[in-house]
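# Examination of the molecular architecture
Take a look at the letters that make up each chain.
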Amino acid sequence: MSDDQLKRNIRPILHKPYGSMDLVSVKAPANHGSHSKDSNWWVVLNLAFQSIGIVYADLGTSPLYVYPSIFSNGIKHRDDILGALSLVFYTLTFLPLVKYVFVVLRAKDNGEGGTFALFSLICRYARVSLIPSQQAEDREVSNYKLELPSKRLKLASVLKSSLEKSQFAKIFLLLVTMLGTSMVIGDSIFTPSISVLSAVAGVKEVTSALTDDMIAGISVVILIFLFMIQRFGTHRVSYTFAPVLCVWFVLIGVIGFYNIIKHDTTVLKAINPMYIVEYFIRNKKDAWISLGGVVLCTTGAEALFADLGYFSVRAIQVSMCSMVNPALILAYTGQSSYLRQYPDEVSDAFYKSVPGPLYWPMFIVSILAAAIASQAMISGTFSIVHQSLSLGCFPPVKVVYTSANHEGQVYIPAINYILMLACIGVTAGFKSTVKIGNAYGTAVVFVMTLTSSLLVLVMIMIWKTNIFLIILYILTIGFVELLYLSSVLYKFTSGGYLPLALSAVLMIIMYVWNDVYRRKYHYELDHKISPARLKEISANKNMSRIPGLAMFYSELVHGIPPIFEHYVSNVPALHSIIVFVSMKSLHINKVPPEERHFFRRVEPRELFTFRCVVRYGYKDVREVAFEETLVTKLKEFIQEEILLQNQMLSTIGNNAEKGTESEGEIVERNNDVANAKQLEEEIMQQEIEQVQKEWEEAGIVHMIGESEVIAKKEANIMKRMVIDHAYNFLKRNVRKREKVFDIPHERMLKVGMTYQL
């Protein structure tokens, strides 16, 4: 049988029409020998030490301003101090310790935390994601898999079905996630402002020459220094700051214990929650308003979850239980003991309660601690902005990976400078910790409440938590947070409006970008090139083939994108090898490198064209040698494709032996199969050699769509405002696509396109 006859007989069996053939993943053997970062106690202790310098800086410096915020109008009754201390004690116990350290941290997404991590968990279990580029093959990724609820738990399946059927629920979940992200960014604005301002104000204890303007000016200088050192990376910053914070926690704990012994040991009875009841009976509305000051003792609690990707659950639990929580309890109890003796000094309770010989050492350490108090929220902000970038919910900005050992540690220059300017504006504008505290409390409680809302969905659908435990969580943690939320909203006109206004602006930016991103994808999907048109292009005799590889970039993961049609209609030449590349983000933190590239051959085979979907998690680092990696994976795909074809040929031969054919027919069929295998291996070798040759001799040309996005003529005014004005304004002022992909300018060709959405 001739080679041409063999091809005609075998090819129809081996090759499916384009569009029906599944993507083939190029995989390497999985490495099962790696250990988690919690498996070695030395690693845990090392991470626990680092976490003190990052995660707890904000939470640890809250004693500087909590009592002045609670008693902004002075202490009216001596026992009010016991009521406030009892509130602080149980708030610290229920929210940072019980809720975050022992419950919320369990909702990690393969080691990552934050609002987007919770959203991603929900999206992986229920089809509520609005990101359009979803494929069945994504569920085969190792990190994608979740334990599914049993059929016995009808509540989980009912909730899942309801979410999947409701478009409103999908949009609402996305908006809740965006609001939580915006509020965390708001936290990172108010944290440094109130912490540094509170610490610097302590100098008034030794001199009255400094005015509020001068204190605000000194605070601004410290803030500028803090944001300037962010570029050195979280790893270096945490090692530098950790010793300072360790000294801070030791000092506030020791001073607190000293004040308890010296002034009033009876404050220890504040552990009795009846003092809270009496506090509310005595003060009524004023007690409820003061909750906005009490909640400030939890500032930075969200960082425990948002910064999880930098450390580990065990490390955070160890550092919180062994040092941070005991030191904070002692510090607040010590201040309460001091205020029982000197209630008129509540406006500066922290520094007034410091023993004379320790004043200057404590002042210096407090300045250093306050200067780094914002580090937790700044690091958390970088992390969640990176996540939202990957999921198409934030305009492109430059991301710098600052650690070779910890891929999750990132620095985003644009966000860093925006935060710095916002902090300077808040500090110079308010000049008062009380006003900043009103705004700060609103941001803190909103983030906590939104986290709890998403967590309840995770409890029901994924954890399969007993319904009585869920109700208990809602009635305790949920009730407490809603009570605090009502209190901080009461101070809306006194500064509480600021985080809501900032969050509204950020949400508009995020939603506009995400909305148009989804519309563009559907436009490409509706205008993709049909297989018949592709065959027509390949059969065009006027279309010449030139050396080299051409990569056409598109968001589309199914079919041939319209950018190809625009290119061939203007340039009657095609490169020898064509690869349609789609960069795709999944709702997981990391995609294993061996599962990242998915290839498919595009028919007709003579066109020598491939589809490649490159999948990333929201914490993945883009490869530096992207071209080399893609060419290597392409050659591996060709090899695997031939291996699969040879297996199918072997199956054909085996099935023939079981049939009714004569012995001579079986021998002839086996010879045909053997010849087909040899022919396929020769073709494979030729194709691999051609890929290598074209890459080395002619190189790669990157085809990027230079799109103009406009609203359709019949679009309503709102849609026109979103697309023609808001989106295009953002597009003009963010990073260009080629910079995001890090494409060499000399090997890039832009193809102009117009999207009418």
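Here is what the cut-offs are and how they apply
- Residues numbered from 1 in each chain as written.
- Predicted model: local features only at pLDDT ≥ 70, side-chain atom pairs only at ≥ 80, totals over all residues.
- Heavy atoms only, no water.
- Helix = DSSP H or I, 4+ residues; strand = E, 2+ residues; numbered from the N terminus.
- Buried < 20%, exposed > 50% of the residue type's maximum accessible area, 1.4 Å probe, protein only.
- Contact = heavy atoms within 4.5 Å.
- Areas by Shrake-Rupley, 256 points an atom, 1.4 Å probe, with all protein chains shown as cover.
- Phe/Tyr/Trp six-rings, centres within 6.5 Å; stacked < 30°, edge-to-face > 60°.
- Expected span 1.5 Å × (residues − 1).
- Bend = angle between axes of the 7 residues up to and from the residue.
- Salt bridge = Lys/Arg side-chain N within 4 Å of Asp/Glu carboxyl O.
- Core = buried A, V, L, I, M, F, W, Y, C linked by side-chain atoms within 4.5 Å.
- Pairing = 2+ DSSP bridges.
- Disulfide = S-S within 2.5 Å.
- Axes fitted to C-alpha atoms, helices over the stretch in contact; angles between N-to-C directions.
- Parallel < 35°, antiparallel > 145°, perpendicular 65-115°, else oblique.
- Left-handed = near helix turned anticlockwise from the far one by under 90°.
- Patch = residues over 30% accessible without salt bridge, like charges linked within 9 Å, V, L, I, M, F, W, Y side chains within 5 Å.

Attention shifts here to the overall build of the protein chain. In terms of helices and strands, the protein chain carries 27 helices and 9 strands. Classification of the 757 residues of the protein chain by burial places 58% in the buried group. A sequence separation of at least 24 residues applies to 85% of the contacts in the protein chain between residues at least 6 apart. Surface exposure of the protein chain reaches about 32,000 Å², of which carbon and sulfur atoms provide 59%.

All right, on to the environment of Val 591 then. In this fold, Val 591 is placed in the loop between β5 (573-585) and β6 (597-602). On the accessibility criterion, Val 591 (2% relative accessible area) is buried. Remark: the alpha-carbon pair of Val 591 and Arg 615, spanning 24 residues in sequence, is separated by 6.9 Å. Other than its neighbours up to four places away in sequence, Val 591 contacts Val 141, Leu 586, Arg 596, Arg 615, Tyr 616, Gly 617 and Asp 620.

Okay, helix α19 (residues 433-463) next. Within an α-helix, residues lying three or four positions from one another point in the same direction, as the helix has 3.6 residues per turn. In terms of burial, α19 is a largely internal element, 27 of the 31 residues being buried. Looking one or two places after α19, you find Lys 464, whose phi comes out positive at around 60°.

Moving on to the packing of aromatic side chains. Scanning the entire structure with this criterion turns up 25 aromatic pairs. Seen in terms of ring centroids, Trp 248 and Phe 350 are 5.6 Å apart; in terms of plane orientation they differ by 25°. Their pairing is stacked. Separated by 102 residues along the polypeptide, Trp 248 in helix α10 (residues 234-262) and Phe 350 in helix α15 (residues 349-352) bring together distant segments of the chain. Of the residues examined, Trp 248 reaches a relative accessible area of 0% and is grouped as buried. Consider the rings of Phe 350 and Tyr 351, whose centres lie 5.2 Å apart with planes at 90°: the pair is edge-to-face.

Turning to helix α14 (residues 313-341), a few remarks are in order. Its 29 residues give α14 an end-to-end C-alpha distance of 41 Å, which sits within 8% of 42 Å, the value for a rise of 1.5 Å per residue. The largest bend in α14 comes to about 50°, at Met 320. Where burial is concerned, most of α14 is hidden: 21 out of the 29 residues are buried.

For the rest of this paragraph, the subject is the pattern of salt bridges. Inspection of the entire model under this criterion finds 13 salt bridges. Two residues, Asp 264 and Arg 78, come together in a salt bridge whose shortest N-O distance is 3.7 Å. Here Asp 264, found in the loop between α10 and α11 (274-283), pairs with Arg 78, found in the loop between α4 (66-70) and α5 (80-102); they are 186 residues apart in sequence, far enough to count as distant. What makes Arg 78 partly exposed here is its relative accessible area of 41%. Within the structure, one salt-bridge network assembled from shared partners comprises Arg 78, Asp 79, Asp 264 and Arg 340.

Moving on: the nonpolar core. In this structure, Tyr 56, Trp 248 and Phe 249 are the most contacted members of the largest nonpolar core, which totals 174 residues. Among the elements that line this core, the one with the most residues is α19, at 20 residues. Ignoring sequence-local partners within four residues, the contact set of Trp 248 consists of Gly 60, Thr 61, Leu 64, Phe 350, Met 362, Val 365, Ser 366 and Ala 369.

Relative to strand β8 (residues 700-710), strand β4 (residues 544-553) runs parallel, the two sharing 4 bridges. Bridge pairing in β8 links Leu 549 to Ile 700. Pairing between β8 and strand β9 (residues 748-756): 9 bridges, direction parallel. Paired with Met 703 across the two strands is Leu 749, which belongs to β9.

Before going further, it helps to examine the state of the cysteines. Considering all chains together, one arrives at 0 disulfides under this definition. Here Cys 393 stays unpaired: no disulfide links it, and the sulfur of Cys 123, its closest cysteine neighbor, is 9.3 Å away. Classification of Cys 393 as buried rests on a relative accessible area of 3%.

Attention now goes to the packing of helix α8 (residues 167-200) against helix α9 (residues 212-228). Here α8 crosses α9 at 130°, and the two axes come no closer than 9 Å. Comparing the axis directions of α8 and α9 gives the class oblique. In this structure, α8 meets α9 at a crossing whose hand is right-handed. On the side of α8, the interface is formed by Pro 192, Ser 193, Val 196, Leu 197 and Val 200, while α9 contributes Ile 215, Ala 216, Ile 218, Ser 219, Ile 222, Leu 223 and Phe 227.

So, on to a nonpolar patch on the surface. Among the surface-exposed residues, Leu 155, Ile 467, Phe 468, Ile 471 and Leu 475 lie close enough to one another that they form a single nonpolar patch of about 510 Å² accessible area. It is helix α20 (residues 467-490) that provides the largest number of residues to the nonpolar patch, a total of 4 residues. In this structure, Ile 471 sits in helix α20.

One non-glycine residue, Lys 284, lies in the positive phi region at around 50°. For Lys 284, the position within the fold is in the loop between α11 and α12 (285-294). By relative accessible area, Lys 284 is classed as exposed at 57%. Notably, Phe 608 is not glycine yet its phi reads approximately 50°, a positive angle. One can find Phe 608 in the loop between β6 and β7 (609-616). For Phe 608, a relative accessible area of 6% corresponds to the buried category.

In short, shape yes, function no, at least from these values alone.
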